[in-house]
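# Per-entry structural report
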Amino acid sequence: MLTLQNAFARENVGPFLGCTLQPDCETLLTSGKAEDTMDVAKMKAQMIEFRNSLFQEGFVDDQFIQLQQLQDDSNPDFVTEVVGLFFEDSERLLEELAKALEQEPPDFKLIDAFVHQLKGSSSR
């Protein structure tokens, strides 16, 4: 089971950014050039701080990490695509829900269907 602590392991850094660590990045990390190493360390620290804030604020949870684990070299944009689809679908559902709520009289069966779809796509 993946926990928050090991989510920040080196092998998970690249996938969080939507990519894998390329050999050039590995070379940069081990090149010994002080300024290159410092730049990479600063970027990693910023990424970890940002990622921590997303967890603390409840925007992501362990399911996000599980989603990241499904991303690999054969589909390097998997997380981006899934999150994009979620936002597109949610936007559509919210627009339809707003229209349904404006109708007189409201169609509560239709409203319930939209709410159910939205809840289903955003729940655990």
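Here's what I pulled together on the structure shown here. Values in this document were obtained by computation on a predicted structure and should not be read as measured data.

Another aspect to go through is helix α5 (residues 62-69). Among the residues of α5, Phe64, Ile65, Leu67 and Gln68 are the ones counted as buried. Looking down the long axis of α5, one finds its buried residues gathered within 155° of arc, a one-sided arrangement. N-cap assignment for α5: the residue whose side-chain oxygen lies 2.9 Å from the backbone N of glutamine 63 is aspartate 61.

Quick look at unusual backbone geometry now. In the segment running from glutamate 104 into proline 105, the intervening peptide bond is cis, with an omega of -10°. One can find proline 105 in the loop between α6 (78-102) and α7 (108-122).

A word on the packing of α6 against α7. Running from N to C, α6 and α7 cross one another at 160°; their axes reach a closest spacing of 9 Å. By the angle between their axes, α6 is roughly antiparallel relative to α7. Pair α6 / α7 crosses with left-handed handedness. The residues of α7 that touch α6, namely those facing Phe86, Ser90, Arg92, Leu93, Leu94, Glu96, Leu97, Ala100 and Leu101, are Leu110, Ile111, Phe114, Val115, Gln117, Leu118, Ser121 and Ser122.

What counts and what doesn't
Residues numbered from 1 in each chain as written. Predicted model: local features only at pLDDT ≥ 70, side-chain atom pairs only at ≥ 80, totals over all residues. Heavy atoms only, no water. Buried < 20%, exposed > 50% of the residue type's maximum accessible area, 1.4 Å probe, protein only. Helix = DSSP H or I, 4+ residues; strand = E, 2+ residues; numbered from the N terminus. Arc of directions from axis to C-beta. Polar contact = N/O pair within 3.5 Å; in protein donor to acceptor, adjacent residues only side chain to side chain. Axes fitted to C-alpha atoms, helices over the stretch in contact; angles between N-to-C directions. Parallel < 35°, antiparallel > 145°, perpendicular 65-115°, else oblique. Left-handed = near helix turned anticlockwise from the far one by under 90°. Contact = heavy atoms within 4.5 Å.

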